[in-house]
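Next come the chains, spelled out residue by residue.
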Amino acid sequence: MNGTAVFNDAAEMLSSTNPYKKPLQEFHYYIGNAYHSLDQILRRNADAMRVTGPGKPEQRYQLAFQLICGSLEEYADDFPARYAVKQRIREKFLLWLREIAKRYGIEDPLYPESFLRKGSDTAVAMVRMLHSREGVTKEDMAQYLGITERAVLKNLAKLDHSLGDSRQSDEVLRIGGQPVQVKIAALRKRGEKKTRYYTPNTMHPIILQENVLQAGTLIQSLARNYTEHINDISYIVGMEIWSQLSEYGRERVRAVFTPGDPAVARFVEILDDDCPDETTADHFCTEREMREETSLSMDEMLMYCFKAGRICRLTLSAENGTMILDQAIIRISWNEDGAVRYTAVREGKEPICFTKEQILFIE
């Protein structure tokens, strides 16, 4: 058995479990003008291995698995991307390795340490785990985060003070310096004694590290949506971004993006001069709170109702005047040609198809 044989085994193991749509040969990237590919890394590392004897199948798979682990780790470590993207790659690579280990009977697999490292931002990791609609147990969170179950419960209480006692009421978890508060619910599955936790309203922590061009493009896009669709959500998101920029950053955005663009200039003026009153969001808002406090465009109202299956009162224009549909659920589908189809569904009644142009009110 030689390096070529180990490479062939590794390539077969990777290909048979590949979770991506791309074939193995298309995993590549450039650093400057230098070309790097997974196939290239795999071959190089295989040639560097010292292998003797033909080896039994289980021994061959063990060697190939070691080769795969080292090659995937090298590929992920050198991949030219931001931290969040590289972490996502590592997470998917870890699932890939676990599938290989399961399918090929790898005993006591040793996964790359960088794939197992969860990062230090406990708040982000916990909030994401709590998105699970089935809930997640404190044991699962402790194992994933590498902390004790007691620490998990303390952190849950910091995210939702109603879960803790008075001594914890002032303690919070923070993301990028911002306090994080979100409602957490508990449930138990039938026949299961363990408590599971989840957030009924999903808060999505998004941390961006932008240069002036990227930050300005975000503001520019939000200004377009705010101006063309009279959309308050764009204002709220814009205020979040604008408030986190340094004065230098804000000045650079003004200098680069506002000249000759009245929409961006006006939007930036609103963000600069907005009065700090009760309309300024200083905490995570649920979609329902946002609906009550801001104006949504018709497209956004339709998506708001459709996404969660919310019951609404729909007023439509019809040939003989208006049509009012109470206790309706809006369904959205797409025809083969990509055209959008809207349907109002009511219990015990025939579904009614309608167009966006027919809508007078959604309540």
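Conventions and cut-offs
Residues numbered from 1 in each chain as written. Predicted model: local features only at pLDDT ≥ 70, side-chain atom pairs only at ≥ 80, totals over all residues. Heavy atoms only, no water. Helix = DSSP H or I, 4+ residues; strand = E, 2+ residues; numbered from the N terminus. Buried < 20%, exposed > 50% of the residue type's maximum accessible area, 1.4 Å probe, protein only. Contact = heavy atoms within 4.5 Å. Areas by Shrake-Rupley, 256 points an atom, 1.4 Å probe, with all protein chains shown as cover. Core = buried A, V, L, I, M, F, W, Y, C linked by side-chain atoms within 4.5 Å. Salt bridge = Lys/Arg side-chain N within 4 Å of Asp/Glu carboxyl O. Pairing = 2+ DSSP bridges.

What follows covers the overall build of the protein chain. When its secondary structure is counted, the protein chain shows 14 helices and twelve strands. Scored against the burial criterion, the 363 residues of the protein chain give a buried share of 36%. The long-range fraction of contacts in the protein chain, counting pairs at least 24 apart against all pairs at least 6 apart in sequence, stands at 55%. Looking at the protein chain as shown, the accessible area adds up to about 22,300 Å², and 50% of this sits on carbon and sulfur atoms.

Structurally, Leu 325 can be placed in strand 9 (residues 321–334). We classify Leu 325 as buried; its relative accessible area is 2%. For the pair Leu 325 and Ile 352, spaced 27 residues apart in sequence, the C-alpha to C-alpha distance is 9.3 Å. Setting aside residues no more than four positions away along its own chain, Leu 325 makes contact with Cys 312, Arg 313, Leu 314, Leu 316, Ala 344, Arg 346 and Ile 352.

Residues Phe 65 and Leu 72 are the most contacted members of the largest nonpolar core, which totals 32 residues. Counting residues per element, the ones that place at least two in this core are helix 1 (3–17), helix 2 (38–48), helix 3 (57–78) and helix 4 (83–103). Here this core takes eight residues from helix 3, the largest share from any one element. Setting aside chain neighbours within four positions, we find Phe 65 in contact with Met 13, Leu 97, Ile 100, Ala 101, Ile 106, Pro 109, Leu 110 and Tyr 111.

With that settled, consider the pattern of salt bridges. Under the defined criterion, the tally for this structure stands at 15 salt bridges. Here Arg 196 and Glu 192 are joined by a salt bridge, their closest N and O atoms 2.7 Å apart. Relative accessible area serves as the criterion here: at 26%, Glu 192 is assigned to the partly exposed category. Between Glu 251 and Arg 254 there is a salt bridge, with its nearest N and O atoms 3.0 Å apart. Placement of both Glu 251 and Arg 254 in helix 11 (residues 247–257) is noted, with a separation of three residues, approximately one turn of the helix. Classification of Glu 251 as partly exposed rests on a relative accessible area of 41%. Taken together, the salt bridges that share partners define one network made up of Glu 247, Arg 250, Glu 251 and Arg 254.

Pairing of strand 1 (residues 28–31) with strand 2 (residues 34–37), which is carried by four bridges, proceeds in the antiparallel orientation. Residue pairing across strands places Tyr 29 opposite His 36, the latter belonging to strand 2. In sequence, strand 1 turns back onto strand 2 through a hairpin of two residues, with Gly 32 there showing a positive phi of about 65 degrees.

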